[in-house]
Amino acid sequence: SLIRPFPHTTRMSAYQTLPPVSEATQNMLGGFSSQRRSSLSAVVIGAIVGCVCVMGYVTANWAAAGDLSLSAVGARGVVAPMAMHMQGLRPSMSRDVGCDAIMFGHGINERISKEERRSRRKLSIRKKVEGTSEKPRLSVFRSNNHIYGQIIDDSLGHTLAAAGTVEKVVKEQIADKTPKEQAEIVGKLLGERAKEKGIERVVFDRNGYKYHGRVAGIADGAREAGLQF
């Protein structure tokens, strides 16, 4: 009964508007809201930094006490280097440090495997090298124990000639040879088979490998047989 309005008072309808607020009041309210937003942002950033510092401190203490090694710590990227710094160690991005971060311009991205890097090089080469009927592609594949060469017409998707160290004829010739000499023998045999098919010119596809050792040996043997690269 105390909050019941007096009979002579009038209620404000929902369709009635409040009196306009002065410009000074609007500026004051806007300043308060911006200050609240900036204060809230500062609190959030401070909380995040504090959590990271606490995690690094705890990790460093555990590692220093011998209860936990840095390589077994699940916190990586920021916390692990911070923990190493607290121990007096210098963080590094070499292979013996278990960090998943990327250092641009320093070393290799550890999150990409060796096979994936070769696959990327292979695709990059295949964008530029393509075999035709007049000038097919000589592609090389090597494993730990064997090496193979193929001459391919990409316009038809056909293999025109091939040779490898798994063939019985080749095994008799490479019994006491070095790996590079074996590759040269395979390349020479591949070149001779290509000449029999009327192939004179080829484009060389190193298949993502370095042009070195056995891969270069196949190219040398094919050139010796008379193929033009």
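Residues numbered from 1 in each chain as written. Predicted model: local features only at pLDDT ≥ 70, side-chain atom pairs only at ≥ 80, totals over all residues. Heavy atoms only, no water.

**Describing the packing of aromatic side chains**
Turning to step 1, where the next piece is worked out: On inspection of all chains with the given rule, the structure shows 3 aromatic pairs.
Turning to step 2, where the next piece is worked out: Centre to centre, the rings of Phe204 and Tyr211 are 5.9 Å apart; their planes meet at 85°, and the pair counts as edge-to-face.
Turning to step 3, where the next piece is worked out: Residue Phe204 is classed as buried on the basis of its relative accessible area of 18%.
Turning to step 4, where the next piece is worked out: Relative to Phe229, the ring of Phe204 has its centre 5.6 Å away and its plane inclined at 40°; by these criteria the two rings are tilted. Placement of Phe204 in strand β4 (residues 203–205) and of Phe229 in the segment after α6 (214–224) is noted, with a sequence separation of 25 residues between them.
Turning to step 5, where the next piece is worked out: Owing to a relative accessible area of 34%, Phe229 belongs among the partly exposed residues under this scheme.
Turning to step 6, where the next piece is worked out: Aromatic rings pair up to connect Phe204, Tyr211 and Phe229 into one cluster.
Turning to step 7, where the next piece is worked out: Sitting over the face of the ring of Phe229, Arg223 holds its NZ or CZ atom 4.3 Å from the ring centroid. (Phe/Tyr/Trp six-rings, centres within 6.5 Å; stacked < 30°, edge-to-face > 60°. Buried < 20%, exposed > 50% of the residue type's maximum accessible area, 1.4 Å probe, protein only. Helix = DSSP H or I, 4+ residues; strand = E, 2+ residues; numbered from the N terminus. Lys NZ or Arg CZ within 6 Å of the ring centre and 35° of its normal.)

**Brief notes about the pattern of salt bridges**
Turning to step 1, where the next piece is worked out: For the coordinates displayed, the defined rule picks out 8 salt bridges.
Turning to step 2, where the next piece is worked out: One salt bridge connects Asp154 with Arg137, and the closest N-O pair in it is separated by 2.8 Å. With Asp154 in the loop between β2 (147–153) and β3 (158–164) and Arg137 in strand β1 (residues 137–142), this pair connects stretches of sequence that are 17 residues apart.
Turning to step 3, where the next piece is worked out: For Arg193, the salt bridge is made with Glu167, and the minimal N-O distance between the two is 2.9 Å. With Arg193 in helix α5 (residues 179–196) and Glu167 in the loop between β3 and α4 (168–173), the pair connects residues that are 26 residues apart, well separated along the chain.
Turning to step 4, where the next piece is worked out: For Arg193, a relative accessible area of 26% corresponds to the partly exposed category.
Turning to step 5, where the next piece is worked out: Classification of Glu167 as partly exposed rests on a relative accessible area of 22%.
Turning to step 6, where the next piece is worked out: Connected through shared salt-bridge partners, Arg126, Arg137, Asp154 and Asp205 make up one network. (Salt bridge = Lys/Arg side-chain N within 4 Å of Asp/Glu carboxyl O.)

**Side note on the confidence of the model for the protein**
Turning to step 1, where the next piece is worked out: Confidence along the protein averages 76 in pLDDT terms, with 60% of residues attaining 70 or more.
Turning to step 2, where the next piece is worked out: Considering each helix and strand of the protein separately, the mean pLDDT is smallest for helix α2 (residues 79–86), with a value of 53, and largest for α6, with 96.
Turning to step 3, where the next piece is worked out: In this model, residues 91–104 is a region of pLDDT below 50 whose contacts with residues beyond four sequence positions or in other chains number 16 contacts. (pLDDT = per-residue confidence, 0-100. Contact = heavy atoms within 4.5 Å.)

**Focus: the side chain of Asp205**
Turning to step 1, where the next piece is worked out: Along the polypeptide, Asp205 turns up in strand β4.
Turning to step 2, where the next piece is worked out: A distance of 3.0 Å separates a polar atom in the side chain of Asp205 from the backbone nitrogen of Asn207.
Turning to step 3, where the next piece is worked out: Not counting residues up to four positions away in its chain, the partners in contact with Asp205 are Ile125, Arg126, Val129, Arg137, Leu138, Ser139 and Val140. (Polar contact = N/O pair within 3.5 Å; in protein donor to acceptor, adjacent residues only side chain to side chain.)

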